[in-house]
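Notes for the structure review
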Amino acid sequence: LPIYSIAVDLINRYKASYFSENSRLSFVKGQSRIITKSLIVAHELYELTDDKIYLDKAFYFAEMNKASVLNSILNEANALIKGNVPDSLIAYEKEISGQINFLENKLPAGQIELNTTDQDLNSQLIDLYIKREKLINYFENNYRGFFRLKYGQLNINLTEIMSKLDDDEILLEYCLTDSLLYTFC
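Per chain, the residues get numbers from 1 upward, laid out in the order the sequence is written. Reporting in this predicted model follows two pLDDT cut-offs: at least 70 for local features of residues, and 80 or more for side-chain atom pairs to be given and counted; totals over whole chains, interfaces and linings ignore these cut-offs and use all residues. Where side-chain values are given, they derive from all heavy atoms of the structure, hydrogens and water being excluded.

By secondary structure assignment, the location of Ala42 is in helix α2 (residues 21-49). Buried residues are those whose accessible area, probed at 1.4 Å on protein chains only, stays under 20% of the maximum for their type, while exposed residues exceed 50% and partly exposed ones sit between those limits. Judged by its relative accessible area of 0%, Ala42 falls in the buried class. Considered as a pair, Ala42 and Leu1 are 41 residues apart in the sequence and their alpha carbons are 6.6 Å apart. Only heavy atoms enter the contact rule, under which two residues are in contact if any of them lie within 4.5 Å. Apart from residues no more than four positions distant in its own chain, Ala42 is found in contact with Leu1, Tyr54, Lys57, Ala58 and Phe61. Each helix corresponds to a stretch of at least 4 residues labelled H or I by DSSP, and each strand to a stretch of at least 2 residues labelled E; elements are numbered beginning at the N terminus.

Have a look at this one:
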């Protein structure tokens, strides 16, 4: 489970760096496989040990699996509203993202032999990736609220949610994997 947790942390760190629709969809597919395996392992550990920590982790992974795309869209909208970032920086981030998307779509998918034009495109993409990474670091250092909202991790804790429910209320949650339905009640 620690290895899966590290993988999920890496997913959380880099998911915001995929801006084109194709790369984001590809990333989400891989992300879903890793998070599903994390859910299975956490649930199996809970079944073996009856330790609530593993139940919390399983619930977290289930929620993360369902909320990944929606969460990134909501995080960006929230960040723009509450982050106090100047419009010029937001426009600059969108401009970089648009350029990256344009160039990624111009490159042939999976082509191994690169001609001079493709090498030039790759060079431009690398420059744009570096610019975007510097901008993200700038946001993190100078607009912490914006950074946390847009690039932060999904923060879900089953125990905390359960403590907020009244005695006559229950939480019913589920996650469907390829072979099993996991329910939390």
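There is more to say after this.
Moving on, we come to the pairing of strand β1 (residues 173-176). Residues of β1 alternate between two faces, with Glu173 and Cys175 buried on one and Tyr174 and Leu176 left unburied on the opposite face. Paired strands, in this sense, are two strands between which DSSP finds at least two bridges. Bridge count for β1 against strand β2 (residues 181-184) is four bridges, and the pairing is antiparallel. Opposite Leu176, over in β2, you have Leu181 as the bridge partner.

All right, on to a negative patch on the surface then. Patch membership requires more than 30% relative accessible area and the absence of a salt bridge. Residues of like charge join within 9 Å; the nonpolar side chains Val, Leu, Ile, Met, Phe, Trp and Tyr join within 5 Å. Here, Shrake-Rupley sampling with a 1.4 Å probe gives the accessible areas, and only protein chains in the shown set may cover a residue. By salt bridge we mean one thing: a side-chain nitrogen of Lys or Arg within 4 Å of a carboxyl oxygen of Asp or Glu. Just so you know, the count uses Lys and Arg for positive and Asp and Glu for negative, and it drops His and the chain ends. For this purpose, a charge sits on NZ of Lys, CZ of Arg, CG of Asp or CD of Glu. Taken together, the side chains of Asp166, Asp167, Asp168 and Glu169 make up a negatively charged region of the molecular surface. Along the chain, Asp167 falls in the loop between α7 (158-163) and β1. Residue classification places Asp167 among the exposed positions, given a relative accessible area of 85%.

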